[in-house]
Amino acid sequence: MFSIMVLFVCALLCAFVCMIVTQITLKRRALRHFSLPPQRNWLLGHMGMMGHDEEGLNRIDTLIGQYFHSCAWFLGPFCNIVRLFHPEHIKSLLSAPASITFKDKIFYGFMKPWLGNCLLLQSGQEWSRHRKLLTPAFHFDILKKYVSVFNQSTNSMLEEWHRILATGQNTLDLFEQMSCLTLDTLLKCTFSCSGHTQGKASQYTAAISELSKLLVQRQHYLPYHWDWLYWRSEQGRRFQKACDVVHAFTASIVQRRRAELSEKKERTGEHLEFTAGYKRKETDLIDLLLLAKASQHGSTSDEKGEGLTNEEIQAHADMFMFAGHDSTTSALSWIFYNLAMNPDHQERCRAEARSLMHGGHTLSWEDLSQLSFTTMCIKESLRLHSPVLALTRFYSQAMSTPGNRIIPPGCLNCIGQNFAMAEMKMVVALILSRFQIFPGPGPVRRLYQLVLRAEGGMNLCIKAINESESSKSNRYHHTQTPTFMAGRDLQEHESMFSRLMERHRSKRKRFLLHRLVVLSRLSPGLEDRSTVAGHFEKLNLRLQRSRPGEDITGLLLLYPQHTLHATECSTETLLLILEDLKNMEETPHGGPLLNPKILLVSHDIPTRHFQSWSHVFLNQGQVPPHTLEQGLEEVLKHTLNQIQRLGLHLRNHAVNSPVIPDELVKDWSNDLPPETAVSRLLQTEMLLSPVHYMAIYHSPQHQHLDSGHVFSSARPSAV
Ligand code: HEM
């Protein structure tokens, strides 16, 4: 009896494991149309492979360099995502309607104990209702009022900088400075609160940075995805403690404003809810939140006359405190980093700001639209060092990426973007008009914890500008000549953008993608053409295994007597594939291929033609022969176009299996290069053999290798 029970339990367990394994496999198979970077192992997938420090972020850059548009990514056994990198791929998804867009549990759900049921974590109808309710708080008429706060807060910080310099210290952690400044302006502008938070504010910012760190750690440690375990762990307890600090801070601000409003109501007898509704475009965020709740007039509340519950008010307040403060801090710190690395651009921004200040230290709302060069630098810095590096979404219906399908726009964007832009322009202009910023004593390393931070702080050097220097900077602007960039100091530094672009280029260089097309004859002694397919399949597998992140895609056409093989891969892999061909060429009777010739090597291609590697067997008569009247160049051009079109067919039919089914091949017969064309190309003198190509490659005189030339008319494989 006992053994039957044991057997029964074992059978149940086996069935359960089989079910889970099948589910995982099916879920992963659903993403088979996307390239799949090598994983840690089958179970964990890519979990923890990237990291959030400088090295981890470099690995992400590498991934983007290699996969360019998108790739599949498996976070443990159950969470499979598609990573989209290219703006064109992301654009349509971000503007998808709110009704089909949802936020996930891992990236957003873990924030719930901290941010509650706030806009950032809401989806669908609920999100639409709250977003509509809160949007008026960021109307331009309201933002205009905040200009005086930006002026006053930034200038008082700069007075402090003068005092710090007087003590002999000239290095500041800009992240810390910007954090204090943006918290101060946020509290004053959107929470109608000033002055009484000193002391508590530093506790609050420390708690936010603790929460950001703990959230990232939780995402990366699979066992902590289970609430039960997390809240019993030391990390979970620390998270709860930091949440308490943050909640107490915002609750005190909300309560204080609530008391002020009810006191005002009693004093003036004014119906504040009505006034707030009537003057909706002049009401600060906190008043909008608080008065929406009690409104019976359908004015500050939504169409249904519903306002916000106390929990919702608290959640939104917590969210605005975090979203409005940390992201702007990060953005400003990296803007100053980039300007410090690029003194010529810094100088130009300074001249622009000073020309609007007329010797004073303030800017008006109207001035902000005149800061065009400064705006360009801010936007470029946001692109290079984006405060929020990744967003996650899931959709309740299949979405196409990209394509001609037009999805009606929604508005899943940052509600505070105009506030942030106005503040950033103001702060950059005011600081640069009075101080110069230089690179700090050590290198700055990126650290991504909910927003992009700097490991150990963003330490930069500052120098106050004296009057003679500032008038010089004004003179530069009045003469309207760009020669101000040619000062002695400035000449010593190259431009920030050229430097950063060079850094990006040199990083990318290692991950350049190339396309190789090789033609060859099949060895007459070859009995089975699948030997050739097997050879390349094994080679690709070996190369991909030995080179983490490598993705070899392409197509092998196996004719009765010839082959045409297109491969897309990185530089190092390209050389190894060529080595393999060279070996075959040098042992003519040992290999399955004879007389291989390179039809094309395209360096640094912007995108792949093929999503995976596959092969197809073509039989006699299956492909019509080419017209003999065609000139050689025409044959060549036609063949390359056909290869490109085959890539498109494979992509459109989502073919991802190693062998292309016969029925598909039939439909594409016009786009299959004829075997006669392959044979004709092989007979020309102008194609290089792998041995010849490698000899040129290793020769120091050859300058074209990295030039990106595809082919010249005289020699198709010129590279
Ligand atoms: C340079 C500064 C800023 C950057 C780079 C930034 C970036 C972003 C991004 C990327 C999102 C989308 C997040 C997601 O869906 O996961 C977002 C949402 C949001 N941001 Fe910002 N933000 C900035 C400043 C601000 C400011 C100043 C405020 C408020 C005062 C703010 C409030 C919000 C809110 C409430 C959301 C959620 C919106 C929604 O889901 O409808 N942000 N922000």
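You'll find the structure just up there.
Basis of the calculations
Residues numbered from 1 in each chain as written. Predicted model: local features only at pLDDT ≥ 70, side-chain atom pairs only at ≥ 80, totals over all residues. Heavy atoms only, no water. Helix = DSSP H or I, 4+ residues; strand = E, 2+ residues; numbered from the N terminus. Buried < 20%, exposed > 50% of the residue type's maximum accessible area, 1.4 Å probe, protein only. Contact = heavy atoms within 4.5 Å. Areas by Shrake-Rupley, 256 points an atom, 1.4 Å probe, with all protein chains shown as cover. Near = heavy atom within 4 Å. Polar contact = N/O pair within 3.5 Å; in protein donor to acceptor, adjacent residues only side chain to side chain. Nonpolar A, V, L, I, M, F, W, Y, C, P; charged D, E, K, R; others polar. Phe/Tyr/Trp six-rings, centres within 6.5 Å; stacked < 30°, edge-to-face > 60°. Expected span 1.5 Å × (residues − 1). Pairing = 2+ DSSP bridges. Axes fitted to C-alpha atoms, helices over the stretch in contact; angles between N-to-C directions. Left-handed = near helix turned anticlockwise from the far one by under 90°. Donors = N, O, S within 2.8 Å, 3.2 Å for Na, K, Ca; no water.

*Asks:* So what exactly am I meant to see when it comes to the overall build of the chain here?
*Replies:* Counting secondary structure elements, the chain contains 27 helices and 14 strands. Residues classed as buried in the chain amount to 50% of the 719 residues present. In the chain, the share of contacts with a sequence separation of at least 24, taken over all contacts with a separation of at least 6, comes to 78%. Summed over all atoms, the accessible surface of the chain reaches about 34200 Å², with 57% contributed by carbon and sulfur.

*Asks:* Just to check I follow, could you spell out the site of the ligand for this structure?
*Replies:* Around the ligand there are 26 residues in total, and Tyr 108, Trp 127, Arg 131, Arg 393 and Cys 414 lie nearest to it. In this structure, Arg 393 approaches the ligand through a side-chain N or O atom, which is 2.6 Å from an oxygen atom. Breaking the shell around the ligand down by element, the ones donating at least two residues are α5 (124–134), α14 (310–340) and α18 (417–434). Here the element with the most residues in the shell around the ligand is α14; it accounts for seven residues. Counted by class, the shell around the ligand contains 18 nonpolar, five polar and three charged residues.

*Asks:* Explain the packing of aromatic side chains to me, please; I cannot follow it from the model alone.
*Replies:* Where two aromatic rings form a pair, the distance of their centres and the angle of their planes describe that pair. Enumeration over the complete set of coordinates arrives at 14 aromatic pairs. A ring pair is formed by Phe 138 and Phe 419, whose centres lie 6.5 Å apart and whose planes are at 85°; its orientation type is edge-to-face. Placement of Phe 138 in the loop between α5 and α6 (140–145) and of Phe 419 in helix α18 is noted, with a sequence separation of 281 residues between them. What makes Phe 138 buried here is its relative accessible area of 10%. On the basis of relative accessibility, which here comes to 4%, the residue Phe 419 falls in the buried class.

*Asks:* I would appreciate a short explanation of helix α2 (residues 54–67) in the present structure.
*Replies:* Count 3.6 residues to each turn of an α-helix, and residues three or four apart come out pointing the same way. Taking 1.5 Å per residue as the helical rise, α2 with its 14 residues ought to reach 20 Å, and the 20 Å between its terminal C-alpha atoms agrees with that figure. Just downstream of α2 lies Phe 68, where phi reads positive at about 60°.

*Asks:* So what exactly am I meant to see when it comes to α14 here?
*Replies:* The terminal C-alpha atoms of α14, which comprises 31 residues, lie 45 Å apart, in line with the 45 Å expected from a rise of 1.5 Å per residue. Most of α14 is tucked away, with 26 of its 31 residues classed as buried.

*Asks:* Help me out: how do you make sense of the sheet that holds strand β10 (residues 513–522) in this one?
*Replies:* With mixed pairing, the five strands of this open sheet are ordered in space as β13-β10-β12-β11-β14. Every other strand in the sheet has two partners, leaving β13 (593–602) and β14 (613–617) as the edge strands with one partner each. Geometrically, the sheet is characterised by an average inter-axis angle of 15° between neighbouring strands, direction not taken into account. Across five bridges, the pairing between strand β11 (residues 553–558) and β14 is parallel. Each bridged residue has a counterpart across the sheet, and for Gly 554 the counterpart in β14 is Trp 613. The strands touched by helix α22 (residues 530–546) within the sheet are β10, β11, β12 (562–570), β13 and β14, with β14 carrying the most contacts at an inclination of about 175°. Together, β10, β12 and β13 form the strand contacts of helix α26 (residues 675–683), whose direction differs from that of β12 by roughly 75°.

*Asks:* In this structure, what is going on with the sheet that holds strand β4 (residues 171–173)? I would like to understand it.
*Replies:* What holds strands together in a sheet is hydrogen bonding between their backbones, with the strands either parallel or antiparallel. Ordered in space as β4-β9-β6, the three strands form an open sheet in which the pairing is antiparallel. Of all strands in the sheet, those bounded by a partner on one side alone are β4 and β6 (435–439). Averaged over neighbouring strand pairs, the angle between their axes works out to 40° when direction is ignored. Taken together, the five bridges between β6 and strand β9 (residues 459–464) define a ladder with antiparallel strand orientation. Bridged to Ile 437 within β9 is Ile 462. Each of β6 and β9 is contacted by α14, which is oriented at about 80° to β6, the strand it contacts most.

*Asks:* So what exactly am I meant to see when it comes to the packing of helix α7 (residues 147–166) against α18 here?
*Replies:* Helix-helix packing is described using two parameters, namely the angle between the two axes and the distance between the axes. Two numbers describe how α7 lies on α18: the axes approach to 10 Å, and their chain directions differ by 35°. α18 is crossed by α7, and the crossing has right-handed handedness. Residues Val 147, Phe 150, Asn 151, Thr 154, Asn 155, Met 157, Leu 158, Glu 159, Trp 161 and His 162 of α7 touch α18, and the partners they reach there are Phe 419, Ala 422, Glu 423, Met 426, Val 427, Leu 430, Ile 431 and Arg 434. Of the residues belonging to the contact of α7 with α18, the class tally is eleven nonpolar, four polar and three charged.

*Asks:* Can you walk me through the coordination of the iron atom of the ligand in this structure?
*Replies:* Tetrahedral coordination by four donors puts the ideal angle at the metal at 109.5 degrees, and octahedral coordination by six puts it at 90 or 180 degrees. Its sole protein donor being Cys 414 (SG), the iron atom of the ligand sits 2.3 Å from that atom. Counting through the fold element by element, Cys 414 comes out in the loop between β5 (394–395) and α18.

*Asks:* Before we go on, may I ask you to explain the packing of α7 against helix α8 (residues 174–190) in this structure?
*Replies:* α8 packs onto α7 with a crossing angle of 145° between their chain directions and a minimal axis gap of 10 Å. Taken as a pair, α7 and α8 cross one another with a handedness that is right-handed. Along its contact with α7, which presents Val 149, Phe 150, Gln 152, Ser 153, Thr 154, Met 157 and Trp 161, the element α8 presents Leu 174, Gln 177, Met 178, Leu 181, Asp 184, Thr 185, Lys 188 and Cys 189. Here the contact of α7 with α8 is built from residues that sort into eight nonpolar, five polar and two charged.

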